Amino acid sequence: SVVKERAVLGLCLMTGLRSMAQTGLLAFLPLYLANVMEIGPLLMGVALMGMQVGGMIATPIAGILSDNIGRRRVVVAGLSGTTILIIVLTFVTNDIAYIVGVSVLGLTLYAVRPVVQSWMLDLTPERLGGSATSLMFGMQSGLAVVMPIIGGLIADLYGLKAVFYFIAAAMLAANIVAMTLTRDAHASEVRAI
């Protein structure tokens, strides 16, 4: 029943592409920091911590916003912000500015995670919530598992910066899929209240 729903499959694809990009960031950001930015281990740790702290701050805010203005708006905003930030960061050369940018990236990247899970539950009948969520996590794992290999090939052929353009392209594709999904029912219910 779940697989027959276009919106559910679209949301699974969108989350899979987003997870692919997130896995790419977690795998290749340390390499970029060390090899391109030439940042030492301490500042690298600060940058990666900043990304996680950004996500820690953003997730409750995104959840509250999605309850009030709708899941789709929050997801599209988060995916758009992440896409833009990934591209912008490839042009940043100052260590401190880069670390701040990575922290802001964490805000947009991780804010989407709980909202898409809520959106999936909004789209499916209560008795199928576990099946739909399992399908979504399966798609996330399926696309995320290929990213280290794809990223490694791209890095070998074109350099580390090109990997981040590919990651941004994956995030842009996720954004396009999110924009094609029907508006969630919850948003219209909230507006009606």
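Everything discussed here concerns the structure shown above.
Conventions used here
Residues numbered from 1 in each chain as written. Predicted model: local features only at pLDDT ≥ 70, side-chain atom pairs only at ≥ 80, totals over all residues. Heavy atoms only, no water. Helix = DSSP H or I, 4+ residues; strand = E, 2+ residues; numbered from the N terminus. Rg over C-alpha atoms; globule rule 2.2 N^0.38 Å. Buried < 20%, exposed > 50% of the residue type's maximum accessible area, 1.4 Å probe, protein only. Contact = heavy atoms within 4.5 Å. Polar contact = N/O pair within 3.5 Å; in protein donor to acceptor, adjacent residues only side chain to side chain.

A. Region of the structure containing the overall build of the protein chain. Counting its regular elements, the protein chain contains eight helices and zero strands. Along its sequence from the N terminus, the protein chain presents helices and strands in the succession α-α-α-α-α-α-α-α. Its C-alpha atoms give the protein chain a radius of gyration of 17 Å, near enough to 16 Å, the size a compact globule of 193 residues would have. In terms of principal-axis extent, the alpha carbons of the protein chain reach across some 50 × 35 × 25 Å. Within the protein chain, the proportion of its 193 residues that are buried is 47%.

B. Focus on the environment of Thr90. Structurally, Thr90 can be placed in the loop between helix 3 (71-89) and helix 4 (95-123). Thr90 sits 69 residues away from Ala21 along the chain, and the two C-alpha atoms are 15 Å apart. Apart from residues lying up to four places away in sequence, Thr90 is in contact with Tyr32, Lys161, Phe164 and Tyr165. Among the polar contacts listed, one links the side chain of Thr90 to the side chain of Tyr165, at a separation of 3.2 Å.

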